[in-house]
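Structural overview
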Amino acid sequence: MNRSKALALLVAAVFVAAAGTTGCERQTGQPSPRTAPPAGGPRAHSAPPRAAVRPLPGIGPVMRARIPATARQALVVTGATEDTNEARVMLYEQVPGLGWHAVAGPWPARNGLRGWTDDHDENDLRTPIGVFRLSDAGGLLPDPGARLPYDQDEGFTASGTGHLGEPLDGSFDYVIAIDYNRVPGTSPLDEDRPLGADKGGGVWLHVDHGGPTNACIALDKAHVLALLRVLDPAMEPVVVMGPEAALKQ
């Protein structure tokens, strides 16, 4: 073997031995004298702080505490004041470790003729304030691809006129039941009222008919369809609704 080749093999052997020693030292937790920083040398940079988890926008601590910890979809319906019957709707989803982020909206909506209340009674023409689950859906028309359980039934026929004299035809083509004074897991048409008949019921998200409602939330038909296709029971969706001041409490 010539000298140059032998020298090359020797250098390679030393390199392999040195590399093996360094790996063993790292495994046993002993610092290598060749890599340890000198006394007074630069310190390792600390990890950057984590981004703050984003709370649900516009929702204060009192209302936030009413949102189930397992809910990962929230439809926020905000009225300007307690007495207004027009509102704005935003859909949010919760991203683990990051918090709530908007996925749809803002959309215009209508609520009860006389506005909002935190003590709803039958025929008060106000929409209940609070946090309610969204568990079931239905409508006069066939299931458009809803993720929530969907009940097609002729009982969803709407007739007559609304508070402004507008026709109600088509209002219940698609509806999503708001779990206020109802039994979840049943058709929106179910008339069982756990809180009593005097506390009202049949509060739905439904198709806008061009005027305020008795207590429901009315949205453009395209937006109701969008919600039916995105609200996922596995994400335990809720609606958080009321006038701005109440939601910020």
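Definitions and limits used
Residues numbered from 1 in each chain as written. Predicted model: local features only at pLDDT ≥ 70, side-chain atom pairs only at ≥ 80, totals over all residues. Heavy atoms only, no water. Helix = DSSP H or I, 4+ residues; strand = E, 2+ residues; numbered from the N terminus. Buried < 20%, exposed > 50% of the residue type's maximum accessible area, 1.4 Å probe, protein only. Contact = heavy atoms within 4.5 Å. Areas by Shrake-Rupley, 256 points an atom, 1.4 Å probe, with all protein chains shown as cover. pLDDT = per-residue confidence, 0-100. Salt bridge = Lys/Arg side-chain N within 4 Å of Asp/Glu carboxyl O. 1 Å grid on protein atoms, 1.4 Å probe; cavity = no way out; pocket = protein on both sides within 12 Å on 5 of 7 lines; lining within 4 Å. Points joined across faces, edges and corners; volume = space filled by probe spheres on them. Pairing = 2+ DSSP bridges. Core = buried A, V, L, I, M, F, W, Y, C linked by side-chain atoms within 4.5 Å.

Moving on to the overall build of the protein. Scanning the protein for helices and strands turns up four helices and eleven strands. Counting across all 249 residues of the protein, residues that qualify as buried make up 39%. Put simply, 63% of the contacts in the protein that link residues at least 6 apart link residues at least 24 apart. Accessible surface for the protein amounts to roughly 13700 Å². Of this, 55% is attributable to carbon and sulfur atoms.

In low-pLDDT segments, the atomic positions of the prediction should not be examined closely. On average, residues of the protein score 86 in pLDDT, and 79% of them are at 70 or above. Confidence drops under pLDDT 50 across residues 1–38; counting only partners more than four residues distant or on other chains, this segment forms six contacts.

With that out of the way, let us pick up the environment of proline 184. Examined against the element boundaries, proline 184 turns out to sit in the loop between β8 (175–178) and β9 (204–207). Judged by relative accessible area, proline 184 falls into the partly exposed class, the value being 46%. As a C-alpha pair, proline 184 and serine 135 span 49 residues in sequence and 6.0 Å in three-dimensional space.

Here the structure, examined in full by the defined rule, presents ten salt bridges. Taking the shortest distance from any N to any O, the salt bridge between lysine 221 and aspartate 173 comes out at 3.1 Å. You can see lysine 221 sitting in helix α3 (residues 221–230) and its partner aspartate 173 sitting in the loop between β7 (150–152) and β8, a full 48 residues away along the chain. A relative accessible area of 11% means that aspartate 173 is categorised as buried. In this structure, lysine 248 engages glutamate 244 in a salt bridge whose closest nitrogen and oxygen atoms are separated by 2.9 Å. Relative accessible area serves as the criterion here: at 35%, glutamate 244 is assigned to the partly exposed category.

This next bit is on the layout of surface pockets. The volume enclosed by the largest pocket comes to roughly 610 Å³. Forming the boundary of the largest pocket are 30 residues, of which Phe172, Gly201, Gly202, Asn214 and Cys216 lie nearest the centre. Each pocket or cavity is described by its volume, and for the second largest pocket that value is around 170 Å³. Contributing to the lining of the second largest pocket are Val62, Met63, Arg66, Glu82, Asp118, Ile129, Ala245, Ala246 and Gln249.

Successive side chains on a regular strand alternate, one facing one side of the sheet and the next facing the other. As defined by bridge partners, strand β1 (residues 73–79) adjoins strand β2 (residues 86–95) across seven bridges and the pair is classed as antiparallel. Its bridge partner lying in β2, valine 77 is registered against valine 89. What sits between β1 and β2 in their antiparallel hairpin is a turn of six residues. Once β2 ends, the chain turns through three residues before running back antiparallel as strand β3 (residues 99–110), passing glycine 97 with a positive phi of about 85 degrees.

On to the pairing of strand β11 (residues 238–243), then. Judged by how many residues are buried, β11 sits mostly within the fold: six of six residues are covered. Sheet topology note: the β1/β11 ladder contains six bridges and is parallel. The partner of threonine 78 across the bridge, within β11, is glycine 242. Across four bridges, the pairing between strand β6 (residues 130–139) and β11 is antiparallel. Opposite glycine 130, over in β11, you have methionine 241 as the bridge partner.

Turning to its location among the elements, glycine 211 is positioned in the loop between β9 and β10 (217–219). Along the chain, glycine 211 and proline 167 lie 44 residues apart, while their C-alpha atoms are 9.4 Å from each other. Excluding residues within four positions of it along the chain, glycine 211 makes contact with Arg110, Leu164 and Glu166.

A separate point is the nonpolar core. Counting 48 residues, the largest nonpolar core has Leu56, Ile176, Ile178 and Val240 as the members making the most contacts within it. Top contributing element to this core by residue count: β2, with five residues. Those residues in contact with isoleucine 178, other than ones at most four positions away along the chain, are Phe132, Arg133, Leu134, Val203, Trp204, Leu205, Ile217, Val239 and Met241.

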